[in-house]
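# Summary of the model geometry
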Amino acid sequence: MDDSKRGCCGLKIRFLLQDKREDQQPYLEVMEFNLPLTSNHLLVTKEARQVSESKVIKSQAELSPRKVRLLENMGKSRSSAELARNVLFDQHGVTLSKNLLFRVMQRGRDSAWGGNETESLTIFHSEGMKLREQCTKYGVCGKFDTKTHNTTGKLLGWYAQHPLEVLNARTYANDAVFVDTTHNATSYSYKTGPPAVIDCFGHTAPCGMFQVPEEEIDSVSELMRLLELDVIGATCCTDGGPAWPEIARMFRQPHIEDTWHNCENGDKKAASLSSKEEKKKFRQLKNKVLYQVLDQQELSDAFSEMRLLAVSANDSGELGRWIDRMETGQTLRTATHATKFFSCSAKGALSRCEQMMSKLKNSGTSKREMKHWTLGELQNRHFTKVCNYETEVTGEIEDAITVKRDLSRYVLDWESVERTRADGLEIVTTKEGVPNPFRLQSTKRVMQEINLERPEGNTNFGLTLTLCNTTEELCPNLHVKAIKEGSFCQGSMLEVGMRIYKVNGKSFSTFDEGAELMKSTDGQLSLTVEKPPSIGTVYTIQRKGKGEEQKMLCTVFIPDSDDLHCQSNYHVHTCSFIRCRYIQRALIDHKTRSMNDLSTIHSRWHIKNSPLYRVVYNNLVTLMKVDGLGDAALPAFLTPAPNPTECAHSSIADTGDTDEDSVEEISQKLVVPSTKVRRFNDANFIIKPILELAKEDAEVFRMVVPQLKQMYQNSLMIATSKSKKVQNAKNQLAASGASLPIMPDEIRKKRDKTDDINMANTKKRKNVKKKRAKKTKLSQRSKKDDNDGRHVSSREEESGDDDDDDDDNITLAALGGKK
């Protein structure tokens, strides 16, 4: 059967490949074979089929509202017709005709996402504009906007950010941002990107969604700025797209690539190796290079062994080119270098890029379906993933609050593994009272303004300056190396070790430009400087038993201040974020600080800094608080309660003034009759007494008529619209005054039956076209047909058979009888 054509009944066959026995040829064993109850190929008697066909529902009037809503919801979610048919039969014992099934599911999808492009775009724009409203739960507004072409008005791109995603970006994007883009996420030719960050629980947390025509520098960088993901110094982790290196350079961010894609490509290239032993050896070396932290010599040796294996491969050099690419870009792709910036996975940093995209595609099971989505469906999937993340994190925060745990299980489990390896390390040197050697990775890079009064005519500042303009710096700056004794700068707040970033609010890119700005200013001089790094103890630590080789020699910094976290260069992610084995070894010998101090770990891992913490805490307090007892009724893990002024309100009781004696009126649920006659009678029963009163009393008439006119207009508007959701979206769009962009052309110019996931109404449209063509041909021939003195149409009516195949046979016979 041609894959592009739909079968009559959708049979299901499951095979098992049997290829284990060497004395037999491989063959397929049928494990399961099912035919739907409505199949025309079931081997049943004619009487049994007639009885079963009499139970097939062909009219919607025979369906209860509950069954209609079930089908409409399944149509909304693009469930298959076979699944909908089986669910109805399993739960309700009924079977629907194909036309009715497709028609109801199509109506459900059109009602949810729009029946045409204009309605679809209206719903999409209306739902997006709701994000701009102030969120009482999180205390911030979400983001949504579209970009259109200046002349054609076509949609060029859009972005959206839920209020929780805004807080995720502001809380966690200072460290690392993960972006993976894909095509075919909708029926339009856009590239889709769901950027993500890592939260305090180790989860890949969503922080927005965007679509652009192409993954090019200008459009993507603009959207990253709008989503607040352009933080200077944060690591930019991507899937290796060609535009991202330049974008990372513009944002002054370290750039690393996704390990998962490189690993998969390596496995494909290794297929050219001849023996299983070579393939196994190559796989071990590949995993060692990509996922293990090695010293530089070990890394070079691993690449050399991989090259020796590639020489024996009988291919066109693809494996060798893959090895060259990995070794040339080892700072982007290997764990030895990439984990210096950020890592939050047992497989190194970079497998996180694929996680958010995998969630969007349901682990790849929705890839085929997504090609037919509207923008509203993609938008809804994005919001669903945000809600799923919120639910998952809420449960973990509740558990942490209950046991009064300040760090997540993710952090504690990782640190417990590192603790077992700390005993295998030894301290080589210790230096106290020295500056932080990891200034670039420190979160305490405090900026301040210093005002200097320069004496008139004095051009000698007495400063020894050097220009720092490396890619790791925030921006070009002048490092103060020394201050001459007796100069007017000596008595000011300017100190040795500070870095000058701006002079009178102006930036500079060269040493001469910065020095000229300082010399050309008379009188008051304003400098934007970064304070010197913090002071503490620096340890050098190595693995035991390595002697003079000093393999894995690392540096650890333990600050003297109690509000600063510890750092090391074993993994910058662990030195800045999680306490690695080297930090734990240094804390064992430190005089004042230890693992019991929460301040020794980066504050990003503190559960109380999660955007959801205050919301969950307030919900628990509201749930367990007893009126009249106050905080005394709360359990021990909820006392003392946080300051209400610092908490985000999450319930109606928190946000509004309520009257304790008032009784809330609960509106009764209206049951809509399923037949037209009952709906007319019920409505007439209410309206008729009102009309009688209006007839007798002029004041009642004056009050009632304007209300009836307005009710009629509202009813007319609802009746003429295919979907109530569409009409509400149109009203919101009109109220906002925003202009609706024009959708671009779809990816597929000509749509066939396979484009409709539900196959809704396809048979009906086909029948209408066939009958229209048949009537046209019959009308042309009927005047000339003199067989038995009757028209062909009369003979057709006598046949009384409405089956499509029989109609085609009659038409051909009638046309062929004239030959």
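The shown structure was predicted, so the numbers you read here are calculated from the model rather than taken from an experiment.

## As for the overall build of the chain
Tallying secondary structure elements over the chain gives 29 helices and 22 strands in all. By residue count, 41% of the 819 residues in the chain fall in the buried class. Of the contacts made within the chain by residues no fewer than 6 positions apart, 64% connect residues no fewer than 24 positions apart. For the chain, the exposed surface amounts to about 45700 Å²; the carbon and sulfur share of it is 51%.

## Describing the sheet that holds strand S21 (residues 554–559)
If you trace the 4 strands from one edge of the open sheet to the other, you get S14-S20-S21-S22, paired in antiparallel fashion. Edge positions in the open sheet fall to strand S14 (425–435) and strand S22 (567–568), since each of these has one partner strand only. Bridge analysis of S14 against strand S20 (residues 535–543) gives 8 bridges, and the strand direction is antiparallel. Its bridge partner being in S20, Thr429 is matched across the sheet by Thr540. With respect to the sheet, helix H21 (residues 581–589) is in contact with S14, S20, S21 and S22, its orientation differing from that of S20 by roughly 115 degrees.

## Quick look at the nonpolar core
Soluble, globular proteins show a tendency: their nonpolar side chains are buried together. Counting residues in each nonpolar core, the largest one holds 52 residues, and the members touching the most others are Tyr138, Phe210, Met224, Leu229, Ile397, Ile401 and Leu638. Elements represented by at least two residues in this core include exactly helix H6 (163–172), strand S7 (176–179), strand S11 (209–212), helix H7 (217–226), helix H8 (244–250), helix H17 (375–402), helix H18 (409–422) and helix H22 (613–624). Apart from the residues within four sequence positions on either side, Phe210 is in contact with Trp158, Tyr159, Val179, Thr181, Lys191, Thr192, Gly193, Pro195, Leu223, Met224 and Leu227.

## Details of the pattern of salt bridges
Pairs may arise between side chains of opposite charge once their charged atoms sit close together. All chains considered together, the criterion is met by 24 salt bridges. For Lys130, the salt bridge identified is with Glu127, shortest N-O distance 3.2 Å. A salt bridge links Glu327 to Arg307; the nearest nitrogen and oxygen atoms lie 2.6 Å apart. Residue Glu327 is located in helix H12 (residues 318–328), and its partner Arg307 is located in helix H11 (residues 296–311); the two are separated by 20 residues in the primary sequence. Connected via shared salt-bridge partners are Lys143, Arg170 and Glu228.

## With respect to the sheet that holds strand S18 (residues 499–503)
Within the open sheet, the 5 strands sit side by side as S15-S19-S18-S17-S16. Their pairing is antiparallel. Of all strands in the sheet, those bounded by a partner on one side alone are strand S15 (447–454) and strand S16 (463–468). Here the average twist between neighbouring strands, direction ignored, is 40 degrees. Bridge count for S15 against strand S19 (residues 523–530) is 8 bridges, and the pairing is antiparallel. Of the residues in S19, the one forming a bridge with Leu452 is Leu525.

## Let's talk about the environment of Leu691
Looking at the secondary structure, you find Leu691 in helix H24 (residues 676–696). Given the relative accessible area of 46%, Leu691 is considered partly exposed. With 13 residues separating them in the primary sequence, Leu691 and Val704 have C-alpha atoms 8.7 Å apart.

## Overview of the packing of H11 against H12
Two elements in contact, H11 and H12, have axes separated by 9 Å at closest approach and are oriented at 165 degrees. Taken together, the axes of H11 and H12 are roughly antiparallel relative to one another. Read as a crossing pair, H11 and H12 show a hand that is left-handed. Here Phe303, Met306, Arg307 and Ala310 of H11 come into contact with H12, specifically with Leu319, Gly320, Trp322, Ile323, Asp324, Met326 and Glu327.

## Examining the state of the cysteines
Considering all chains together, one arrives at 0 disulfides under this definition. Free of any disulfide, Cys236 has its nearest cysteine sulfur in Cys237, 6.9 Å distant.

## Digging into the packing of aromatic side chains
On inspection of all chains with the given rule, the structure shows 6 aromatic pairs. Arranged with centres 5.9 Å apart and planes meeting at 85 degrees, the rings of Tyr410 and Trp414 form a pair that is edge-to-face. With a gap of 4 residues between them, Tyr410 and Trp414 both fall in helix H18, about one helical turn apart. Within the aromatic cluster, the residues linked to one another by ring pairs are Phe124, Phe144 and Trp158. Geometry around Trp605 places Arg604 over its ring, the cationic atom sitting 4.8 Å from the centre.

## Focus: the environment of Tyr582
Examined against the element boundaries, Tyr582 turns out to sit in helix H21. The buried category is assigned to Tyr582, whose relative accessible area is 1%. Through-space distance from the C-alpha of Tyr582 to that of Tyr570 is 7.3 Å; in sequence the pair is 12 residues apart.

## Some thoughts on the packing of helix H2 (residues 65–76) against helix H3 (residues 81–92)
Running from N to C, H2 and H3 cross one another at 150 degrees; their axes reach a closest spacing of 11 Å. For the element pair H2 / H3, the angle class is roughly antiparallel. Both H2 and H3 take part in a crossing whose hand is right-handed. Residues Arg66, Lys67, Leu70, Leu71 and Met74 of H2 form the contact with H3, whose participating residues are Leu83, Ala84, Val87, Leu88, Gln91 and His92. By residue class, the composition of the contact of H2 with H3 is 7 nonpolar, 2 polar and 2 charged.

## Here we look at unusual backbone geometry
Residues apart from glycine generally show negative phi values, whereas peptide bonds are mostly found in trans. Unlike most non-glycine residues, Arg78 shows phi in positive territory, near 60 degrees. Following the sequence through the fold, Arg78 ends up in the loop between H2 and H3. Owing to a relative accessible area of 9%, Arg78 belongs among the buried residues under this scheme. For Arg252, which is not a glycine, the phi torsion comes out positive at approximately 55 degrees. Turning to its location among the elements, Arg252 is positioned in the loop between H8 and strand S13 (255–257).

What counts, and at which threshold
Residues numbered from 1 in each chain as written. Predicted model: local features only at pLDDT ≥ 70, side-chain atom pairs only at ≥ 80, totals over all residues. Heavy atoms only, no water. Helix = DSSP H or I, 4+ residues; strand = E, 2+ residues; numbered from the N terminus. Buried < 20%, exposed > 50% of the residue type's maximum accessible area, 1.4 Å probe, protein only. Contact = heavy atoms within 4.5 Å. Areas by Shrake-Rupley, 256 points an atom, 1.4 Å probe, with all protein chains shown as cover. Pairing = 2+ DSSP bridges. Axes fitted to C-alpha atoms, helices over the stretch in contact; angles between N-to-C directions. Core = buried A, V, L, I, M, F, W, Y, C linked by side-chain atoms within 4.5 Å. Salt bridge = Lys/Arg side-chain N within 4 Å of Asp/Glu carboxyl O. Parallel < 35°, antiparallel > 145°, perpendicular 65-115°, else oblique. Left-handed = near helix turned anticlockwise from the far one by under 90°. Disulfide = S-S within 2.5 Å. Phe/Tyr/Trp six-rings, centres within 6.5 Å; stacked < 30°, edge-to-face > 60°. Lys NZ or Arg CZ within 6 Å of the ring centre and 35° of its normal. Nonpolar A, V, L, I, M, F, W, Y, C, P; charged D, E, K, R; others polar.

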